[in-house]
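Residue strings, one per chain:
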Amino acid sequence: MATYSRLPGSVALITLQNPPVNALSAAVRQGIVDTVQRALKDPKVTSVVICGQNGKFCGGADIREFAGPMLGPPLVPMIHAIEAVDKPVAAAIEGVALGGGLELALGCHYRIAHSKALLGLPEVTLGLLPGAGGSQRLPRLIGLTAALDLITTGRQHDSSFFSSLHLLCVCSQSISSVCVSGQSLDSRRLSTLPCPCPPDVDSLLDKTMVKVRQRSRGALAPVACVQALMAAASLPYTQGMEKERDLLTTLFNSGQARALQYAFFSQRVVGKWSLPSGASWDNSAARTISKAAVIGLGTMGRGIVVALALTGISVVAVETQEKQLAEASQVVPAMLQREAGRRSLATPPGVISFSSNLQDVCEVELVIEAVFEDMSLKLQVFRHLTSVCRPGTLLCSNTSGLDIDRLAAVTQSPGLVVGMHFFAPAHVMKLLEVVYGPRSSPEAVATAMQLGKRMGKVSVAVGNCPGFVGNRMLKPYLEQANFLLEEGATPQQVDEVLEEFGFPMGVFRMSDLSGLDVGWRIRKEAGLTGPGVESTRTRQGRRYSPLPDQVCEAGRLGQKTGRGWYQYDGPGGRVARSDHWVNIFLEAYRAEHGLVARSIAPEEILERCLYALINEGFNILQDAMAAGPEDIDAIYVFGYGWPRHHGGPMFHAGQVGLGRILERLQHHHHNHPDVPHLKPSTLLRRLVAVGSPPVQKWREFINKERVHSQL
Ligand SMILES: C[C@H](O)[C@H](C)C(=O)SCCNC(=O)CCNC(=O)[C@H](O)C(C)(C)COP(=O)([O-])OP(=O)([O-])OC[C@H]1O[C@@H](n2cnc3c(N)ncnc32)[C@H](O)[C@@H]1OP(=O)([O-])[O-]
């Protein structure tokens, strides 16, 4: 809704009220229409100020209304009416003015903003474009070039940035009253202004379109944003608005917009975590950490130290190898300074102290172990930590898939042990898997989840199973890719199909980047390969491809050695080029095992990789290792490069159709009966049997099934 009040003098104040972000719901829009009318009719009112309740102007259109019919007064005519009034209207912006909120402000004649306000047109991140005149008014105010960057990226900036573009005036104290000058309003009505364009406008638009298409990897909205701005540059305002409306209508009904809006909400759903034990975000007290330690200063440990310090936490960084310690004590401060410079930090970074002595962690409140991925070494560290640290200290491991419960078992307080699985680079990647074992206390989980959020991460609570959630699903995905090579595909073919789908990197390029020895070590630890293991294509009762093992045995570990599935310009090279050696190697391998290469269609490549991954996601939900599909989807969007405009693996399964997924898995499992990962999950079957409910209903269905199965 919107309230109406009078400020001293002849100023009417309209306050948007729709907590928490004053989104422009139907009730708010109706409130604006009514209160603007009231101000116009009041002869004592000579100017109007619009502000938002609770120090937030407006977070945009109410995304929750997108799923249903549009009720209440539409935004476009409402903003036009405000712009047309003959009394000056000012937007007084605090907190945020985003999307439709900024478009509302652009319809006002004046804009004044608090210095810390955040503004932008992020619609493109929701699969849309500024659909309330923003694509036509913004370029008329700040020029086409600046508008192109802001609208195609959805980037948000503080008010000083927009002040430099003459979009608003900035004030530092709270905006309690705003007075506006008595100048003519004609020049303040943005829709009546021409759109300032550079002399080479056509070339600018063409280059932007090429860049946007390359960067967006199949996303529709960025392209539509450029098209809307092309209209602003070349058409009168009214026709430009028609173009904006048509483009928005197309986007609104696209699966990509639904996927992106689902991703927006699922990122927030995961913060409302719950465990099978009944512990949850709203009944578990988190401890605020001010002093932490990181054990092990390899690549991951260094990133974790920086991520912690950026929150203002002081960190004891411990490394027993002198050379590694010396290198880290040089590199980490520089990483911190660079990262702190990139962000406008709310608090100064925490102090980092370096040490080779584990005794120096005796005063900290939380320790994150980040030593080499070897269980015996980790157990040794945890045994040492539990004897050195104060009682009540949380002991966390950055392991990417080893058994958290085994680590907890060697400590005096197993309830204070959780996994904090970061993703490289740890100070940049947004995903954090917080792994709870059956003995992990609600406080330990709550503290780790909150610490992740303080580090700017998307924390997802996951159960303690091999590979947790992300890497457990990655296993069948990688396995299918290797089987496809055995059957006739090349690494390039598989990667091209996955990159066409929208992944930034196909599976083989990604393996070369992360290092082929990472998976090799895990397979050795699992007894699947290594000295003394028979080199057959069936191991532990299932089909197994020794291809990646043999590539490693040839010394080809990926970018780090300059050779892997591709070749690079030397060790550390980044540009992947196909390598004739791989083709010869595959041909020899197939000949050795009597395999006849066949041409494999892109559809089969995509289905076998994605559906095997999705199927494991259903098994994870069935095993209660993730609380809902949103948790899995957030993990894959924020940690594994799943294209956000496809929502996440589980959302995508719903879009493809669960019946279709089931049928294709049955087909591929029939053709490959020795691949258990292709056997359709029982949960998938059950969901299809009850009519394939939408992904938003799966959590409720799973919980009901679990209750019934326990009765
Ligand atoms: C016509 C026009 O052209 C087009 C078509 C549009 O306008 S499309 C819409 C364009 N606007 C956006 O893209 C802005 C999206 N929101 C944000 O970026 C952030 O929310 C925030 C504003 C910077 C605040 O961040 P926060 O960290 O302080 O809190 P939060 O946890 O994120 O959010 C707190 C709670 O508010 C909910 N929420 C936030 N923005 C919302 C919105 N626009 N509509 C509905 N709910 C919203 C959110 O789901 C969460 O709910 P719950 O979990 O508590 O139940």
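Rules used in this analysis
- Residues numbered from 1 in each chain as written.
- Predicted model: local features only at pLDDT ≥ 70, side-chain atom pairs only at ≥ 80, totals over all residues.
- Heavy atoms only, no water.
- Helix = DSSP H or I, 4+ residues; strand = E, 2+ residues; numbered from the N terminus.
- Rg over C-alpha atoms; globule rule 2.2 N^0.38 Å.
- Buried < 20%, exposed > 50% of the residue type's maximum accessible area, 1.4 Å probe, protein only.
- Contact = heavy atoms within 4.5 Å.
- Lys, Arg positive; Asp, Glu negative; His and termini not counted.
- Charge placed at Lys NZ, Arg CZ, Asp CG, Glu CD.
- UniProt positions renumbered as here; feature names shortened; annotations may be inferred.
- Domains from an automatic or database assignment.
- Pairing = 2+ DSSP bridges.
- Axes fitted to C-alpha atoms, helices over the stretch in contact; angles between N-to-C directions.

S.K.: I'm lost on the overall build of the chain in this one. Help?
M.R.: Summing up its helical and strand segments, the chain has 27 helices and 19 strands in all. Taken over the C-alpha trace, the chain has a radius of gyration of 28 Å; the compact-globule value for 711 residues is 27 Å, and the two agree within 12%. Structurally, the chain occupies a C-alpha span of about 90 × 60 × 60 Å along its principal axes. Taken across its 711 residues, the chain has 56% of its residues classed as buried. In the chain, the share of contacts with a sequence separation of at least 24, taken over all contacts with a separation of at least 6, comes to 73%. Of note, the chain has its 69 positive side-chain charges centred 4 Å away from the centre of its 62 negative side-chain charges.

S.K.: What should I look at first to understand the UniProt feature "domain: 3-hydroxyacyl-CoA dehydrogenase C-terminal" (unreviewed entry) in the chain in this one?
M.R.: Under the UniProt annotation, "domain: 3-hydroxyacyl-CoA dehydrogenase C-terminal" (unreviewed entry) lies at residues 467-568 and 605-701. The span residues 467-568 is 53% helical and 4% strand by assignment, and the distance between its end C-alpha atoms comes to 30 Å. Helix makes up 65% of residues 605-701 and strand 0%, with an end-to-end C-alpha separation of 31 Å.

S.K.: It is not clear to me how the domain arrangement of the chain should be interpreted in this structure. Could you clarify?
M.R.: Its domain assignment divides the chain into domain 1 (2-252), domain 2 (284-463), domain 3 (489-592) and domain 4 (602-707). Using C-alpha coordinates to define each centre, domain 1 is positioned 50 Å away from domain 3.

S.K.: Would you take a moment to explain the environment of Gly 296 for this structure?
M.R.: Its location among the elements puts Gly 296 in the loop between strand 10 (291-295) and helix 11 (299-309). Counting along the chain gives 137 residues from Gly 296 to Glu 433, while the straight-line C-alpha distance between them is 19 Å.

S.K.: Just checking my understanding: could you explain the sheet that holds strand 15 (residues 417-422) for this structure?
M.R.: Spatial strand order, 12-11-10-13-14-15-16-17: eight strands in an open sheet with mixed pairing. The open sheet terminates on both sides in strands that have one partner only, identified here as strand 12 (352-355) and strand 17 (458-463). With strand direction ignored, the average angle separating the axes of adjacent strands in the sheet is 25°. The strands touched by helix 12 (residues 322-342) within the sheet are strand 11 (314-318) and strand 12, with strand 12 carrying the most contacts at an inclination of about 170°.

S.K.: Is there a simple way to explain the sheet that holds strand 8 (residues 156-158) in this structure?
M.R.: Backbone-to-backbone hydrogen bonds pair the strands of a sheet. The strands run either parallel or antiparallel. The strand order across the open sheet built from three strands is 5-7-8, with neighbouring strands paired in mixed fashion. Among the strands making up the open sheet, the edge pair consists of strand 5 (96-98) and strand 8. Going from strand to strand, the sheet's axes swing by 20° on average, the running direction of each strand aside. Two strands pair when backbone bridges link them, and strand 5 and strand 7 (residues 118-120) are joined in this way by three bridges, in the parallel orientation. When the bridges of strand 7 are listed, Leu 98 appears paired with Gly 120.

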